[in-house]
Amino acid sequence: MSALDVPLTLLDPEGGWINAPVHVHDLHGRPVLLHFWSTNCESCKEQFPLLRNHLAEFGPKGLRVIGVHVAMNGEDLAKALDTNAIEATVKKLGLRYPVAVDDGSMAAAYGVEVLPAYLVYDPNGVLRHRAAGEDALSPLLRQLLERLTGPEATSGAFAP
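Please read these numbers as outputs of a predicted model, since none were measured by experiment.

Regarding its fold elements, the protein presents six helices and six strands. Counting helices and strands in the order they occur from the N terminus, the protein gives β-β-α-β-α-α-β-α-β-β-α-α. Sorting the 160 residues of the protein into buried and exposed places 45% on the buried side. With an accessible surface of roughly 8,100 Å², the protein has 51% of that area assigned to carbon and sulfur atoms.

The next thing to look at is the layout of surface pockets. The volume enclosed by the second largest pocket comes to roughly 200 Å³. Lining the second largest pocket, in full, are Arg52, Leu55, Ala56, Gly59, Leu63, Arg64, Val65, Gly94, Leu95, Arg96 and Tyr97. The set of elements that each furnish at least two residues to the lining of the second largest pocket consists of α1 (42-58) and β3 (64-70). With three residues, the top contributor of residues to the lining of the second largest pocket is α1. For the lining of the second largest pocket, the per-class residue count stands at six nonpolar, two polar and three charged.

Remember that side chains alternate between the two faces of the sheet whenever the strand is regular. Most of strand β5 (residues 117-121) is tucked away: five of the five residues are buried. Side chains Ala117, Leu119 and Tyr121 project from β5 onto one buried face, and the interleaved Tyr118 and Val120 project onto a second face that is buried too. Pairing analysis gives five bridges linking β5 to strand β6 (residues 127-132), with the strands arranged antiparallel. Counterpart to Tyr121 in the pairing with β6 is Leu127.

It is worth spelling out the pattern of salt bridges at this point. Counted according to the given criterion, the structure contains five salt bridges. The partner of Glu42 in a salt bridge is Lys45, with the nearest N and O atoms 3.4 Å apart. Here the residue Glu42 and the residue Lys45 both occupy positions in helix α1, the gap between them amounting to three residues, near one helical turn. We classify Lys45 as partly exposed; its relative accessible area is 41%.

Moving on: the nonpolar core. In terms of nonpolar packing, the biggest core is built from 48 residues, with Leu34, Phe36, Tyr110, Leu119 and Tyr121 touching the most fellow members. If near-sequence neighbours (up to four positions away) are discounted, Leu34 is found in contact with Leu8, Leu11, Ile66, Val68, Tyr110, Ala117, Tyr118, Leu119 and Tyr121.

For the bond running from Leu115 to Pro116, omega is -10°, close enough to zero to count as cis. With respect to the secondary-structure elements, Pro116 resides in the loop between α4 (105-109) and β5. Even without glycine at this site, Asn19 takes up a positive phi of about 80°. Position of Asn19 among the secondary structure elements: in the loop between β1 (17-18) and β2 (32-37).

Its place among the elements puts Val112 in the loop between α4 and β5. We classify Val112 as buried; its relative accessible area is 11%. A C-alpha to C-alpha distance of 7.9 Å links Val112 and Phe36, two positions 76 residues apart in sequence. Residue contacts for Val112: discarding those within four places in its chain leaves Phe36, Ala107, Ala117, Leu119 and Arg130.

How each quantity is defined
Residues numbered from 1 in each chain as written. Predicted model: local features only at pLDDT ≥ 70, side-chain atom pairs only at ≥ 80, totals over all residues. Heavy atoms only, no water. Helix = DSSP H or I, 4+ residues; strand = E, 2+ residues; numbered from the N terminus. Buried < 20%, exposed > 50% of the residue type's maximum accessible area, 1.4 Å probe, protein only. Areas by Shrake-Rupley, 256 points an atom, 1.4 Å probe, with all protein chains shown as cover. 1 Å grid on protein atoms, 1.4 Å probe; cavity = no way out; pocket = protein on both sides within 12 Å on 5 of 7 lines; lining within 4 Å. Points joined across faces, edges and corners; volume = space filled by probe spheres on them. Nonpolar A, V, L, I, M, F, W, Y, C, P; charged D, E, K, R; others polar. Pairing = 2+ DSSP bridges. Salt bridge = Lys/Arg side-chain N within 4 Å of Asp/Glu carboxyl O. Core = buried A, V, L, I, M, F, W, Y, C linked by side-chain atoms within 4.5 Å. Contact = heavy atoms within 4.5 Å.

Next up, the structure:
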């Protein structure tokens, strides 16, 4: 399986959900941004302001965002899956989208090895872009979100 063959099917986190659960069938027909992050990731914290800008711009145009809080290597798993602490962070950050509390199995299933990571799926559930690390929120990601939520996407003419 190549990096762009990961289907949008694995949304069953070990630690449950914050804000609301998500079922894959509810996502069909809309572009989806999977955002893998951790409270202990400095790059994740640094990218939240730009991510919020993207959400404010593309959310009203149909983009669905799903956060995945990932337990980082070496972290005490019980502490990393403390939904009360993660929920407090989610509220502090002002995240209103669903956030999965992952023990690392979702990240592994999606091939995520570096945080933060962003996986962008088209309205048909096909992975079109993946980016991770310090420069993950690149202009390329923004351009793809524009295409996925723009007129060509709603007319059915989208073909990356």
